[in-house]
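A look at the structure
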Amino acid sequence: MATERYESAKAMYAAIGVDTDKAIETLKKVPVSMHCWQGDDVIGFDHDGPLTGGIQTTGNYPGKAKTPEQLMADMEKVFTLVPGQKKINVHACYAIFEEDGFVDRDKLEPRHFKKWVELAKKHNMGLDFNPTFFSHPMIKDGLSLSSPDPEVRKFWIEHGKACIRISQYFAEETGIPCVMNIWTGDGFKDIPADRMGPRMRYKESIEEILNEPYDFNLVKPCVESKVFGIGVESYTAGSAEFSLSFAAEHKDKCLPLMDNGHYHPTEVVSDKIPALLCFFDEVALHVTRGVRWDSDHVLLLDDETKEIAKEIVRNDALNRVYIALDYFDASINRISAWTVGMRNMQKALLNALCTPNEALKKLQDESRLTELMVRQDEMKTMPFGDVWAEYCAQCGVPADGTWFDEIVKYEEEVLSRR
Ligand code: RNT
Ligand code: ZN
């Protein structure tokens, strides 16, 4: 039974041409991929060392997951608090080695991810995947796929190929396409003498990875660009131009992936989405929140998150844009970090779906720009919270203001005992 508040909000939206029931139904089917790495500060299960290779977590909040069981239990807790359709995003370093023991990254097999498939199937979710080109001794002088050492490149190419096979397995098992994202921290701290050589090697290495057979309807390899990383401030091999050109040249076998922490601070991914949609059938996103730099703070319902969602929705691209979250905050309760970000992505999408996009476009096309500004700005005080509350209720998850108590309880009963 819808609340009176929802009925009243629905009427207000109907008056401006928005069908909130339809918005809710649409959103229920949009998958958002939840990154497993928020739960343990991007460590994984295949090494004992720290996170290295151009990314960093900060903070030491107690209770982080240390085993596959703990990580999966934490993720399942989040699933109960987040409305809508989810996917599970796994990194290769989260391989699970059972009795038969450890294998290195170049030798990974689907069986090392069987438990992830079980988790996904249990919740009717798809899986996304990522080769892990960091936190490993075969990263030599900060380089993997672009290394001048053929042995290093070979190791990482084999890793990439293994990950393609695992992605194919994920897609076949779940029946849902698997987005496989290639990101490396390859780069230089200080001014390089050769900027093109590493990029040519990087290009050839990714091409070799993509020579591994896969069904492009099931496996969606992506190349993620980045402007700089920690310790590689002067140069990254996988820059924006490199990655986008690579994806454009290999349109029949991979997609560009944009992470909104990976551009100069006044550039916005919301504006890049419609640019790429003019040229690519599909694109992939890592949605994050950079504070002054690529800091990977928890996603908030801020203006850029809302704009990203609007560009996806109003370009009718919900089926063309793969949405994944990518951030890692180790300074706060990690279950809460996941929940806030996942709920905010959902809120941003619902907000976009509750926008009279066609009417606003018409104002633009008719050059009624004063009215456009007024109407767009007035959207901000529409009773969106009541539609959100209805959506949460229909999805059987707690409303705002009620879920945090569950996290406090989980922290007391589970996390604090780790
Ligand atoms: C790093 C990239 C990359 C990683 C994950 C863990 O800057 O954003 O996507 O965050 O692979
Ligand atoms: Zn990313």
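Anyway, here's the lowdown on the structure attached to this text. (Residues numbered from 1 in each chain as written. Chains lettered and ligands numbered in written order. Predicted model: local features only at pLDDT ≥ 70, side-chain atom pairs only at ≥ 80, totals over all residues. Heavy atoms only, no water.)

Turning our eyes to something else, we now look at the site of ligand 1. The immediate surroundings of ligand 1 are formed by Trp-37, Ile-55, His-91, Trp-183, Glu-224, Lys-226, Asp-259, His-262, His-286, Asp-294, Asp-326 and Phe-328. Here Lys-226 contributes a side-chain N or O atom positioned 2.6 Å from an oxygen atom of ligand 1. Residue classes in the shell around ligand 1 are distributed as four nonpolar, three polar and five charged. (Near = heavy atom within 4 Å. Polar contact = N/O pair within 3.5 Å; in protein donor to acceptor, adjacent residues only side chain to side chain. Nonpolar A, V, L, I, M, F, W, Y, C, P; charged D, E, K, R; others polar.)

According to the stated counting rule, one finds 15 aromatic pairs in the structure shown. Their ring planes at 80° and their centres at 6.1 Å tell us that Phe-113 and Phe-170 sit as a pair that is edge-to-face. Separated by 57 residues along the polypeptide, Phe-113 in the loop between strand E2 (86-91) and helix H4 (114-122) and Phe-170 in helix H5 (residues 150-174) bring together distant segments of the chain. For the pair Phe-113 and Phe-170, a shared accessibility class is recorded, and that class is buried. Seen from their ring centres, Phe-155 and Trp-156 are 4.9 Å apart, and the 85° between their planes marks the pair as edge-to-face. With relative accessibility at 9%, the residue Phe-155 sits in the buried group. Judged by its relative accessible area of 0%, Trp-156 is buried. Three or more aromatic residues link up through ring pairs in this structure, and these residues are Phe-113, Phe-129, Tyr-169 and Phe-170. For Lys-220, the ring lying beneath its charged end belongs to Phe-216, and the centroid distance is 4.8 Å. (Phe/Tyr/Trp six-rings, centres within 6.5 Å; stacked < 30°, edge-to-face > 60°. Helix = DSSP H or I, 4+ residues; strand = E, 2+ residues; numbered from the N terminus. Buried < 20%, exposed > 50% of the residue type's maximum accessible area, 1.4 Å probe, protein only. Lys NZ or Arg CZ within 6 Å of the ring centre and 35° of its normal.)

What follows concerns the pairing of strand E10 (residues 321-325). Extensive coverage of E10 is indicated by the burial of five of its five residues. Taking every second residue as pointing to the same face, both faces of E10 are buried, with Val-321, Ile-323 and Leu-325 on one and Tyr-322 and Ala-324 on the other. Across two bridges, strand E1 (residues 32-35) lies against E10 in parallel orientation. Paired with Val-32 across the two strands is Ile-323, which belongs to E10. In this sheet, E10 lies alongside strand E9 (residues 283-287) in parallel orientation, the contact comprising five bridges. Paired with Ala-284 across the strands is Tyr-322, a residue of E10. Each parallel crossover has a hand, and for E9 linked through helix H9 (residues 303-314) to E10 it is right-handed. (Pairing = 2+ DSSP bridges. Right-handed = clockwise from strand over helix to strand, strands pointing away.)

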